[in-house]
Amino acid sequence: MNISRLAPILHEVRTPIQTIIGTAELLKGTNLDPEQQEYVRQLIFSADVLHMLVNDILDYEKSRKGNLRLEEQPCDLILLVEQVFDIISIEAYNKGLELAIDVNPSVPVQIYADSMRLLQLLMNLVKNAIKFTTKGYIVIRIHTEEVAEKPFLVFRVIDTGIGIPNNKKRSVFQEFVQVSSPENTLGGGTGLGLAICSNLVSLMGGTIGVADGEGCGTEFWFKIPLKPVSTALIYDPLPNSLDKKILVVDDSSIIQETITNYLKLFGFTQIYCANSGQEALELMISAYNEGKKFDLVFIDMILPIMDGWRLASEINGDKRINGSKLFLMVPEGQFGGEAKMKALSWFNGYLYKPIKIALLRQLLETSLVTDLDLPDAEVSSAEKKSSVLSVQKEGVLCCQETIDVLCVDDHPINLKILSVFLFDLGYNVFTASTGRGAVTVIAEHPEIKIVFMDIQLPDILGTEAASIIRKNGYSGSMIACSANSDRELNREYEASGFDMTLVKPFKKQQLQRLLTQWKETHENKN
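Bear in mind the structure is a predicted one, so any value in this text is a computation, not a measurement. (Residues numbered from 1 in each chain as written. Predicted model: local features only at pLDDT ≥ 70, side-chain atom pairs only at ≥ 80, totals over all residues. Heavy atoms only, no water.)

Asker: Break down the side chain of Q120 for me, with residues and values.
Answerer: Relative to the assigned elements, Q120 resides in helix α4 (residues 115–131). Classification of Q120 as buried rests on a relative accessible area of 4%. With residues up to four places along the chain from it excluded, the contact list for Q120 reads M52, N55, D56, D59, I196 and L200. (Helix = DSSP H or I, 4+ residues; strand = E, 2+ residues; numbered from the N terminus. Buried < 20%, exposed > 50% of the residue type's maximum accessible area, 1.4 Å probe, protein only. Contact = heavy atoms within 4.5 Å.)

Asker: Now, about the packing of helix α12 (residues 435–444) against helix α13 (residues 462–471): what can you tell me, with residues and values included?
Answerer: Remark: α12 packs on α13, axes separated minimally by 9 Å, with the N-to-C direction vectors making an angle of 20°. Between α12 and α13, the angle is such that the two are roughly parallel. Judged by the twist between their axes, the crossing of α12 over α13 is right-handed. In this structure, α12 uses G435, A438, V439 and I442 to contact α13, whose residues at the interface are A465, I468 and I469. Looking at the contact of α12 with α13 residue by residue, the classes come out as six nonpolar, one polar and no charged. (Axes fitted to C-alpha atoms, helices over the stretch in contact; angles between N-to-C directions. Parallel < 35°, antiparallel > 145°, perpendicular 65-115°, else oblique. Left-handed = near helix turned anticlockwise from the far one by under 90°. Nonpolar A, V, L, I, M, F, W, Y, C, P; charged D, E, K, R; others polar.)

Asker: How would you sum up the packing of aromatic side chains? Please name residues and give values.
Answerer: Within the structure shown, the criterion is met by six aromatic pairs. With a centroid separation of 4.7 Å and an interplanar angle of 10°, the aromatic rings of F155 and F222 are classed as stacked. Of this pair, F155 sits in strand β5 (residues 150–159) while F222 sits in strand β7 (residues 218–225), and the two are 67 residues apart along the sequence. For the residue pair F155 and F222, the accessibility class agrees, reading buried in each case. (Phe/Tyr/Trp six-rings, centres within 6.5 Å; stacked < 30°, edge-to-face > 60°.)

Asker: A description of the packing of α4 against helix α5 (residues 193–203) should follow, citing residues and the corresponding values.
Answerer: Two elements in contact, α4 and α5, have axes separated by 9 Å at closest approach and are oriented at 145°. The two elements α4 and α5 meet at a crossing, and its hand is left-handed. Taking contact as the criterion, the partners of R117, Q120, L121, N124, L125 and N128 in α4 are, on α5, G193, L194, I196, C197, L200 and V201.

Asker: Now, about unusual backbone geometry: what can you tell me, with residues and values included?
Answerer: Each neighbour pair has its own omega, and for K353 with P354 the value is 5°, a cis peptide bond. Note the cis peptide between K504 and P505, where omega equals -5°. Located in the positive-phi region is A148, a residue other than glycine, with phi close to 55°. Structurally, the position occupied by A148 is in the loop between β4 (137–147) and β5. The backbone of E149 sits at a positive phi, close to 65°, despite the residue not being glycine. Checked against the element boundaries, E149 lands in the loop between β4 and β5. The class for E149 is exposed, based on a relative accessible area of 77%.

Asker: Outline the sheet that holds strand β6 (residues 207–212), supporting the account with residue identities and numerical values.
Answerer: On the basis of which strands lie adjacent, the open sheet formed by five strands has the order β2-β4-β5-β7-β6 and mixed pairing. Pairing within the sheet leaves two strands with one partner each, and these edge strands are β2 (98–103) and β6. Direction aside, neighbouring strands of the sheet carry axes that sit 20° apart on average. Bridge count for β2 against β4 is six bridges, and the pairing is parallel. Pairing of I101 across the sheet is with I140, part of β4. Sheet strands touched by helix α3 (residues 77–94): β2, β4 and β5. Its angle to β2, the strand with the most contacts, is close to 170°. (Pairing = 2+ DSSP bridges.)

Asker: How would you sum up the pattern of salt bridges? Please name residues and give values.
Answerer: By the definition in use, this model includes 16 salt bridges. K223 serves as the salt-bridge partner of E145, at 2.7 Å between the closest nitrogen and oxygen. One end of the pair, E145, is in strand β4; the other, K223, is in strand β7, with 78 residues separating them in the sequence. D250 is paired through a salt bridge with K353; the nearest N and O atoms lie 2.8 Å apart. Here the residue D250 occupies a position in the loop between β8 (245–249) and α6 (253–265), and K353 occupies one in strand β12 (residues 349–353), the gap between them amounting to 103 residues. An identical accessibility class is assigned to D250 and K353; each is buried. Bridged by salt links that share partners, the residues E98, D250, D300 and K353 form one connected network. (Salt bridge = Lys/Arg side-chain N within 4 Å of Asp/Glu carboxyl O.)

Asker: Quick rundown of the confidence of the model for the protein chain? Include the residues and the values.
Answerer: Residues of the protein chain with pLDDT of at least 70 account for 83%, and the chain-wide mean is 82. Across residues 181–189 the pLDDT falls below 50, and counting only partners more than four positions away or on other chains, this stretch makes 16 contacts in the model. For the stretch residues 372–400, pLDDT sits under 50, and the model shows 65 contacts to residues farther than four places along the chain or on other chains. (pLDDT = per-residue confidence, 0-100.)

Written out as structure tokens, the structure reads:
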């Protein structure tokens, strides 16, 4: 495989990926019904997976040439790990697998790391686990460990898949090596994922290995030096948590364990678990008879015999137990046509699996604040509907003043996508489709404070246009939009007048974070 020749082509592939992701995000913001929203989510996830594949091949080429470098910055470890499952969750749930994250409370939330490389490392290990697992679960466990009196962060990616024969464990980290068995002949992939993992861990100053899983399957582990930003706890207990009684209904023991551990972090102690809808009903009726009803009930949508919808119907129809607040846990990508069932208003809120710790806490905080202390009487669907909780996944950057920005791109769809993103975030947008056009717009509108400019423009390159704009006296911020993430090129962009680089493909949320960073820097200067 001549990857050197393939690399320039893959850089070009990032442009249509940007179009797919951007268009899907714009579509997601329109007036879609729940089923259509679900399909858009699946489209975005698939584009993310394609993007990761492109990155793998490009990074292998960099590693082969010795050009792979780390750039450590403070990052949120839990958010990073959850992002891994965000990208791969639909593929896992389509196979009927469960996904879970187990973070030891001693692990610091904020660490110094190259977040993009750490994400890529975990992503490759999880993708490998999903490929060779047909039933059961994949769990990421994280804890700390002392090695030669130095603190290390230990990651373990454990699956219940086919396992790896002992005679093949030494070779799995070599390039183009893939493991198969008579029971599972799954092929595909680049054969580079585990080799890239080994290179990245070595670059981070750590070690990597493979072992048998917990009873069956495989465990890939790696240790890297721990560089904490602070020793802050993951979360403080919630007020009144000791008084609340919670039931978790899920037939997966690993999910029961994960949610229970999260709830304990928030200060809850009265936590019960049920493996089925029938067992949940029996526990709820027993609790009612004892005068200690369940305050909150988390129900998996996919349960054996009696699914989550049927269980909610039974609970809502029973005057003894329908005062409990119900929350449906929906495996990512599995809502589909069942999203229409929301109209029945049987639930007080919804959570997507894999469960994110921050969103679970947000839902609990809102639930406890809006607790109506309803008596043990029948609760109508209308009352349920009036208190349904909506957990937002991303906020909106609100500008106190309208800021003028310029978008420059010769690709008409990507130009529109970026323009709409910025408009939705509260900015006044100017556009240009050529480098010389950008020079003219800036000359005519010096009040523009930010310029987003594509590098590959049809008349003159974005770097040349940036140099001209700077020579003409422009002092605002200039951001290069490039499909190439090579840091040598980033320095070339900075030398021509750009302040930072926004790598394609990007999402609205990434654009928002960059603008928040710009806003904070701008305020500090003033």
